[in-house]
Amino acid sequence: MKFRYKVILLNLVLLSLTTGIVGFNLMQRSYDLTMNTEIKSAVTENNLVQSSVEYSLLEVVNSGNYDLGRSLPEIGQEVYSGMLSGEESLYIRYGGKYLYRGETEGSKNEVITEDLSGEEDEILGSHSEKFFTFPVETRKNYLILEENEAVSLFVTSETMVDEKPLNIITKRDITELSRLLDRSIKEYRQFTLVLLCVATLLLFVLSWLLTRPLERLSTTTNAFAAGDYTARTDIRSTDEVGQLADRFNMMAESVEDHVEELNDMVHRREQFVADFTHEIKTPMTSIIGYADTLRSMDLSREEQQTALGYIFSEGKRLESMSLKLFDLLYLKDHPIERKTIQAAGLAERIAASMAPLMKNSGIRLRTDVKPGTFEGDSELLQSVFINLLDNARKASKPEDTVEFLGEPAEGGYRFLVQDHGIGIAEEDQKKIFDEFFMVDKSRTRQAGGAGLGMSLVAVILERHGATINLESKEGEGTTFMVTLPAGSE
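Residues numbered from 1 in each chain as written. Predicted model: local features only at pLDDT ≥ 70, side-chain atom pairs only at ≥ 80, totals over all residues. Heavy atoms only, no water.

1. Looking at the overall build of the protein
Our working rule: Think of it this way: any DSSP run of H or I at least four residues long counts as a helix, any run of E at least two long counts as a strand, and we number them from the N terminus. Per-residue accessibility, obtained with a 1.4 Å probe over protein chains only, is compared with the maximum for each type, and a residue is labelled buried under 20%, exposed over 50%, and partly exposed between these values. Contacts are assigned to residue pairs that have any heavy atoms within 4.5 Å of one another. All accessibility values rest on the Shrake-Rupley procedure with a 1.4 Å probe; residue burial counts only the protein chains present in the view.
Each helix and strand in the protein was counted, giving 11 helices and 12 strands. A burial count over the protein gives 37% of its 489 residues as buried. Residue pairs in contact within the protein that sit at least 24 positions apart in sequence constitute 63% of those at least 6 positions apart. A total accessible area of about 29100 Å² is found for the protein, and carbon and sulfur atoms account for 54% of it.

2. Examining the sheet that holds strand β5 (residues 164-173)
Condition: Strand pairing is assigned whenever DSSP identifies at least 2 bridges connecting the two strands. Convention adopted: a line fitted to C-alpha atoms gives each axis, helices being fitted over their contacting stretch, and angles between N-to-C directions are expressed from 0 to 180 degrees.
Read across the sheet, 5 strands follow the order β2-β1-β5-β4-β3 without closing on themselves; strand pairing throughout is antiparallel. Sheet topology places β2 (97-102) and β3 (140-147) at the edges, where each strand pairs with a single neighbour. The mean inter-strand angle of the sheet, taken between neighbouring strand axes irrespective of direction, is 20 degrees. Pairing between β3 and strand β4 (residues 150-161): 8 bridges, direction antiparallel. Bridge pairing links Asn-141 to Thr-156 in β4.

3. Quick look at the packing of aromatic side chains
Aromatic ring pairs: the centre-centre distance and the angle between the two ring planes describe each pair. Spelled out, the test is: In this scheme Phe, Tyr and Trp rings, the latter by its six-membered ring, pair at centre separations within 6.5 Å, and the angle between planes marks the pair as stacked below 30 degrees, edge-to-face above 60, and tilted otherwise. Lysine NZ or arginine CZ positioned within 6 Å of the ring centre and within 35 degrees of the ring normal marks a charge as sitting over the ring.
The full count for this structure, using the stated rule, is 9 aromatic pairs. Taking 5.8 Å as the distance between ring centres and 40 degrees as the angle between the ring planes, the aromatic pair formed by Phe-374 and Tyr-413 counts as tilted. Of this pair, Phe-374 sits in strand β8 (residues 373-376) while Tyr-413 sits in strand β10 (residues 412-419), and the two are 39 residues apart along the sequence. Given the relative accessible area of 1%, Tyr-413 is considered buried. For the ring pair Phe-385 and Phe-404, a centre distance of 5.5 Å and an interplane angle of 45 degrees mean the geometry is tilted. One end of the pair, Phe-385, is in helix α8 (residues 378-395); the other, Phe-404, is in strand β9 (residues 401-409), with 19 residues separating them in the sequence. Across the pair, exposure class does not vary: Phe-385 and Phe-404 are buried alike. An aromatic cluster of three or more residues is present, and its members are Phe-374, Phe-385, Phe-404, Tyr-413 and Phe-415. Above the ring of Tyr-98, the side-chain terminus of Arg-93 is found at 5.8 Å from the ring centroid.

4. Regarding a nonpolar patch on the surface
As a reminder of what qualifies: Patch members must show over 30% relative accessible area and no salt bridge, and they are joined within 9 Å when carrying like charges or within 5 Å when they are nonpolar side chains of Val, Leu, Ile, Met, Phe, Trp or Tyr. Each salt bridge in this description consists of a side-chain nitrogen of Lys or Arg and a carboxyl oxygen of Asp or Glu lying within 4 Å of one another.
On the surface, Tyr-5, Val-194, Val-198, Leu-201, Leu-202, Phe-204, Val-205, Leu-206, Trp-208 and Leu-209 cluster together to form a nonpolar patch covering roughly 910 Å² of accessible area. Sort the elements by how many residues they give to the nonpolar patch and helix α4 (residues 175-225) lands first, with 9 residues.

5. A look at the nonpolar core
Note the threshold: To qualify as a nonpolar core, a set must consist of buried Ala, Val, Leu, Ile, Met, Phe, Trp, Tyr and Cys residues joined through side-chain atoms within 4.5 Å.
Within the largest apolar cluster, 35 residues are counted, with the highest numbers of intra-cluster contacts made by Phe-374, Phe-385, Leu-388, Phe-415 and Leu-461. Mapped by element, the contributors of at least two residues to this core are α7 (343-361), α8, β9, β10, α11 (453-463) and β12 (477-485). Sort the elements by how many residues they give to this core and α8 lands first, with 7 residues. Dropping the residues within four chain positions of it, Phe-415 is found in contact with Ala-343, Val-369, Phe-374, Phe-385, Phe-404, Leu-405, Gly-406, Phe-480, Met-481, Val-482 and Leu-484.

6. Here's the deal with unusual backbone geometry
Although it is not a glycine, Asp-162 sits at a positive phi angle of roughly 50 degrees. Mapped onto the fold, Asp-162 is located in the loop between β4 and β5. Asp-162 gets classed as partly exposed once you look at its relative accessible area, which sits at 46%. In the Ramachandran plot, Glu-399 falls in the positive-phi region, its phi being about 80 degrees despite a non-glycine side chain. Of note, Glu-399 is situated in the loop between α8 and β9. When its relative accessible area of 54% is taken as the criterion, Glu-399 is described as exposed.

7. What about the confidence of the model for the protein?
As a note on interpretation, predicted positions should not be read in detail where pLDDT is low. What counts, and what does not: Values of pLDDT, ranging from 0 to 100, describe the predictor's confidence in every residue of the model.
Considering every residue of the protein, the mean pLDDT works out to 80; 84% of them sit at 70 or more. Mean pLDDT across the elements of the protein ranges from a minimum in helix α10 (residues 441-446), with 45, to a maximum in strand β7 (residues 364-369), with 94. Contacts of residues 106-110 to residues separated by more than four positions or lying in other chains number 5 contacts, the stretch itself having pLDDT below 50. Note that residues 441-451 has pLDDT below 50 and, in this model, 24 contacts with residues that lie over four places away or in other chains.

8. Observations concerning the packing of helix α1 (residues 3-62) against helix α2 (residues 68-83)
Our working rule: In this scheme, roughly parallel covers angles under 35 degrees and roughly antiparallel covers those over 145, while 65 to 115 is roughly perpendicular and the rest are oblique. Put simply, a crossing is left-handed when the front helix is turned counterclockwise from the back one by less than a right angle, and right-handed when it is turned clockwise. Each residue is assigned to one class: nonpolar for Ala, Val, Leu, Ile, Met, Phe, Trp, Tyr, Cys and Pro, charged for Asp, Glu, Lys and Arg, and polar for all the others, Gly among them.
With their axes 10 Å apart at the nearest point, α1 and α2 run at an angle of 140 degrees to one another. Considered as vectors, α1 and α2 are oriented oblique to each other. In this structure, the crossing between α1 and α2 has a hand that is right-handed. Residues Leu-48, Val-49, Ser-52, Val-53, Ser-56, Leu-57 and Val-60 of α1 lie in contact with α2, whose contacting residues are Leu-68, Ser-71, Leu-72, Ile-75, Val-79 and Met-83. Across the contact of α1 with α2, the residue classes tally to 10 nonpolar, 3 polar and no charged.

9. What to know about the side chain of Glu-256
Note that Glu-256 resides in helix α5 (residues 240-296). Beyond its immediate sequence surroundings of up to four residues, Glu-256 is in contact with Tyr-229, Thr-230 and Arg-232.

Written out as structure tokens, the structure is:
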């Protein structure tokens, strides 16, 4: 079942229960109030009739010679004719027997006067005993009696005359009043049915308006789940649905970024394997070719030395590439041990290691490293700056100067490696730290490189919590700025 239909059904059930319970209680309360008013009116009327009968009876008793069996019907006739309308009835019961009945027969409003002596409870039937059992605090009682779809309200009073009970009974027809509740319930049911029909239509429209954004969001979600990571929802509202749509768009952006990152990672891994295969193939081809030449041909001493020189240099390149690749894989999965390092001491060791290479290339190395300390792995950081200085050497011409500078910075220590060589193109600066990427492949291979040095630099600095920034312009040179944190990450 769709959510909108659940909303409609739930609201209809709640509306039906609410209107039914509240409406019934209101009608019942109104009926009870009307009935209580009718009972009070009937009791008041009975009091007046009782007073009139007793007053007339008092005159008869005071006369001395009286017969209640003959006098009470006469008094009843007189009171009924003078005080009650044709819609009420009057009964006089004395000593447990009815002596007078004044009531309307049909529509003639005729008074029937009969001596009912000896006829017991033809009016009240089995309700007589309950009706004439009075409460302790009063000698009044009432009874609602339903007979042949007619409902009557009987009120009786009791007075002792000659040690026998005299009951003055009035009867009022309340059939219409009793039918009021049934009629009200029927009309209310009709009203409720119309109300529910109108409410169903309104609820359908409202639920459609409320759930339409959810359906649009569901459609977008299905498209996203099917692989369309660019799918976005355009719901614009400030309620919970709008917030949900915003969260979905944020999630979609994040997922799309992660998918692109994963795709890029897969591509880089595939490119890594291809580049690694290519980089191994090149020296291996040279080694195998020169080895086959030495094996199959008679060469002069000079030609043998040349061939062996190629084999040795390509073998060293394979060794360097293997070691750097091992370092890359190892550092990505293992922690590093950090100790406090003196910047000046580290710079001296690096300069001493680079001095022979710089001298052979005709490059001047200027070192100016101010005192300072930071934490890290001395050997790994030494490898970082040797790689950066070696790249600066390869990018420089003879007689150029490469600068290695250092000074304390806010929260750590900053190193600069600067050259004035060929520079790096802007489109290549984003790829400089990728595995096997070479700005100038022919120059790098001639110098024994494999494109893994800068990747190793990036991994080492990342594990140290350090940052590296690059500024370069073609034909003017390149500057690498490395900032190391002072404390542990």
